[in-house]
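Letter by letter, the chains look like this.
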Amino acid sequence: MAPEHDEVDRIVSAWIAQRPDLDFSPLEVLSRVDRLSRHLDRARREAFHRSDLEPWEWDVLSALRRAGEPYTLSPKQLLQQTLVSSGTMTNRIDRLVERRLVVRAADPGDGRGVLVTLTEEGRNRVDAAITRLVDAEAELLSQLSKADRDRLAALLRKLSLGFDV
């Protein structure tokens, strides 16, 4: 049987003893989110590593994969999805081309434009990574029922809507 109290409970209890004048309920939520985020970061790094991808490579390749066939986006579309600077995106595309995970070609609809397309190797890597990632994330949530996961997702969505731009 899992313990009834976690490290956050112990920290909050100690603070309440020292500062009973404060409301520590935000710490009870967000300290747990922070701690879970660290576990998630480790799980993601491992899933990407096992697929021979860096996290930044995952960002670009997964954006292309989510676009659907022919797995092609413009650099501008990639910028919008990955939230990096233009110079950073150019460097990332160059490095992915070198690794043969994407190809860059002239946009037939715009003579000055460029399109970036996922290669078969890039698709294989991103597909392996997403499978590993989903499995790792399911493991992190395995103690929750489907109803609890749905309720938690809804609450986190409600909270995050205030931050999404």
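Before reading on, note that the structure itself is shown above.
Parameters at a glance
Residues numbered from 1 in each chain as written. Predicted model: local features only at pLDDT ≥ 70, side-chain atom pairs only at ≥ 80, totals over all residues. Heavy atoms only, no water. Helix = DSSP H or I, 4+ residues; strand = E, 2+ residues; numbered from the N terminus. Contact = heavy atoms within 4.5 Å. Polar contact = N/O pair within 3.5 Å; in protein donor to acceptor, adjacent residues only side chain to side chain. Expected span 1.5 Å × (residues − 1). Buried < 20%, exposed > 50% of the residue type's maximum accessible area, 1.4 Å probe, protein only. Arc of directions from axis to C-beta. Core = buried A, V, L, I, M, F, W, Y, C linked by side-chain atoms within 4.5 Å. Pairing = 2+ DSSP bridges. Phe/Tyr/Trp six-rings, centres within 6.5 Å; stacked < 30°, edge-to-face > 60°.

A.B. asks: Is there a simple way to explain the environment of D52 in this structure?
C.D. replies: Inspection of the secondary structure puts D52 in the loop between helix 2 (25-50) and helix 3 (55-66). Remark: the alpha-carbon pair of D52 and Q77, spanning 25 residues in sequence, is separated by 24 Å. Apart from the residues lying within four places of it in its own chain, the contact partners of D52 are E57, R99 and R125. At a separation of 2.9 Å, a polar atom in the side chain of D52 contacts the side chain of R99.

A.B. asks: What is the right way to look at helix 6 (residues 120-140) in this model?
C.D. replies: An α-helical turn contains 3.6 residues, so a residue and the one three or four places further along point in the same direction. The end-to-end C-alpha separation of helix 6 is 30 Å, in line with the 30 Å expected for 21 residues at 1.5 Å each. Buried within helix 6 we find G122, R125, V126, A129 and L133. Down the axis of helix 6, the sector holding all buried residues measures 90°, keeping them to one side. Exposed residues pointing more than 90 degrees away from the buried face of helix 6 are listed as E120, D135 and E139. Those residues of helix 6 that are buried lie in contact with helix 2, helix 3 and strand 3 (110-118).

A.B. asks: Mind showing me how you'd approach the environment of A106 here?
C.D. replies: Mapped onto the fold, A106 is located in strand 2 (residues 102-107). Linking A106 and L30, residues 76 residues apart in sequence, is a C-alpha distance of 46 Å.

A.B. asks: Mind showing me how you'd approach the nonpolar core here?
C.D. replies: Across soluble globular proteins, nonpolar side chains have a tendency to be buried as a group. Counting residues in each nonpolar core, the largest one holds 22 residues, and the members touching the most others are L61, L64, L78 and L96. Listing elements by their share of this core, those giving two or more residues are helix 2, helix 3, helix 5 (86-98), strand 3 and helix 6. Of the residues forming this core, the biggest block, six residues, is contributed by helix 3. Excluding residues within four positions of it along the chain, L96 makes contact with W56, E57, V60, L61, L101 and V102.

A.B. asks: Would you mind going over the sheet that holds strand 3 with me for this structure?
C.D. replies: Strand pairing within a sheet occurs via backbone hydrogen bonds; the two strands may be parallel or antiparallel. Pairing is antiparallel across the open sheet formed by three strands, whose spatial order is 1-3-2. The open sheet has two edge strands with one neighbour each: strand 1 (72-73) and strand 2. Here strand 1 pairs with strand 3 via two bridges, running antiparallel. Across the sheet, the residue bridging to L73 is V116, located in strand 3.

A.B. asks: Just to check I follow, could you spell out the packing of aromatic side chains for this structure?
C.D. replies: For any pair of aromatic rings, the description consists of the separation of the ring centres together with the inter-plane angle of the planes. What the rule picks out here adds up to two aromatic pairs. Note on W15 and F24: the rings are 6.2 Å apart at their centroids and 20° apart in plane angle, and the pair reads as stacked. Overall, the relative accessible area of 8% leaves F24 in the buried class. Measuring from ring centre to ring centre gives 5.0 Å for F48 and W58, while their planes differ by 25°; the resulting arrangement is stacked. Note that F48 is positioned in helix 2 and W58 in helix 3, a separation of ten residues in sequence. Residues F48 and W58 agree in their burial class; the two are buried.

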